[in-house]
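# Survey of secondary and tertiary structure
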Amino acid sequence: MALIRCNFHSEALGMGTSMTVLLPDPAGAGIGLAGGAPAGDPPVLYLLHGLSDDDTIWTRRTSIERYVAPLGLAVVMPQVGRSFYTDEENGNRYWTFLSEELPEVCRSFFRLSDRREDTFVAGLSMGGYGAVKWALREPGRFAAAASLSGALNVAHRQDHSTHPMDPAVWRTVFGDRTVPGSDDDTVALLERAGDDLPALYVACGTEDFLFDDNTRFVETARRRGVPLTVDFSPGDHDWAYWDAKISDVLAWLPLRAPVTRSQ
């Protein structure tokens with residue numbers, strides 16, 4: 001894999017920002033690591049970080065590079081601060097950056113497929129929320145979307161009795177606007193979703209403080225007849241869980257078979 005830390009100017013944000021990118025290496029792999037090269041432009045996974053993290057966190061805390069090496073899959077990990085992947089009420093336009101600017105910038109810098117069947121999104125915690133929100137708001141863009149320990153009921157997170165959202169974050173991101181029922185409410189988006197949705201995957205540890213949020217999302221999907229893969233198993237809100245589950249997500253993605261190489 002090629003590992004790239006890319007610093008660039010964002011028009012949507014009006015400032016410099018960064019992303020970490022993994023690209024399939026056509027030269028093959030190193031000793032002890034299988035490599036895969038796609039036929040044509042590689043499929044791409046947008047992999048989103050959580051509230052306390054940045055675009056480097058997936059490569060620092062998991063073995064994502066090793067996991068994707070044989071798959072012929074590019075991985076784009078953008079930097080969005082503590083924005084909840086939202087056009088902030090008192091901050092910056094991170095939803096616009098993510099959904100409009102980022103895919104265009106990535107394809108201008110790198111050779112990436114722009115086909116729906118080759119485009120995927122996943123994330124953890126705040127990033128799980130971002131992944132599901134993006135997939136439900138723009139279902140025609142993605143073949144599959146996955147949430148790991150996602151904040152999938154963020155509309156009610158502000159008033160949660162034991163784990164409320166930081167009031168400063170809430171004011172910056174949402175201000176005084178009504179979140180329940182809006183396009184920032186993933187449960188509401190699911191309630192009014194059409195039929196042509198990407199494949200959905202929801203994983204959460206049963207000891208995770210966001211477990212109830214995930215069960216509500218899953219119950220809503222089942223009531224509406226929305227198919228999804230559910231993985232509720234022992235685990236907490238930590239990197240041991242996410243490192244294991246991102247490997248499961250990669251195995252679940254409907255990827256076209258690459259040409260594999262090993263040394």
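All of the points below concern the structure found in this document. Computed from a predicted structure; not experimentally measured.

## Observations regarding the sheet that holds strand 9 (residues 229–233)
The strand order across the open sheet built from eight strands is 1-2-5-4-6-7-8-9, with neighbouring strands paired in mixed fashion. The open sheet terminates on both sides in strands that have one partner only, identified here as strand 1 (2–10) and strand 9. Strand-to-strand, the axes of this sheet are offset by a mean angle of 15 degrees, without reference to chain direction. Pairing analysis gives five bridges linking strand 4 (residues 44–48) to strand 6 (residues 119–124), with the strands arranged parallel. Pairing of V44 across the sheet is with T119, part of strand 6. Sheet strands in contact with helix 4 (residues 126–137) are strand 4, strand 6 and strand 7 (144–148), and its direction is about 150 degrees off that of strand 6. Strand contacts of helix 7 (residues 211–224): strand 7, strand 8 (199–205) and strand 9, with the helix running at about 150 degrees to strand 8, the strand carrying the most contacts.

## Examining the packing of aromatic side chains
Overall, the coordinates contain 13 aromatic pairs when judged by the stated rule. Measuring from ring centre to ring centre gives 4.7 Å for W170 and F174, while their planes differ by 50 degrees; the resulting arrangement is tilted. Across the pair, exposure class does not vary: W170 and F174 are buried alike. One aromatic cluster in this structure is built from F8, Y94, F97, F109 and F110. Positioned above the aromatic ring of W95 is the side chain of R137, whose terminal nitrogen or guanidinium carbon lies 4.1 Å from the ring centre.

About the criteria used
Residues numbered from 1 in each chain as written. Predicted model: local features only at pLDDT ≥ 70, side-chain atom pairs only at ≥ 80, totals over all residues. Heavy atoms only, no water. Pairing = 2+ DSSP bridges. Helix = DSSP H or I, 4+ residues; strand = E, 2+ residues; numbered from the N terminus. Axes fitted to C-alpha atoms, helices over the stretch in contact; angles between N-to-C directions. Contact = heavy atoms within 4.5 Å. Phe/Tyr/Trp six-rings, centres within 6.5 Å; stacked < 30°, edge-to-face > 60°. Buried < 20%, exposed > 50% of the residue type's maximum accessible area, 1.4 Å probe, protein only. Lys NZ or Arg CZ within 6 Å of the ring centre and 35° of its normal.

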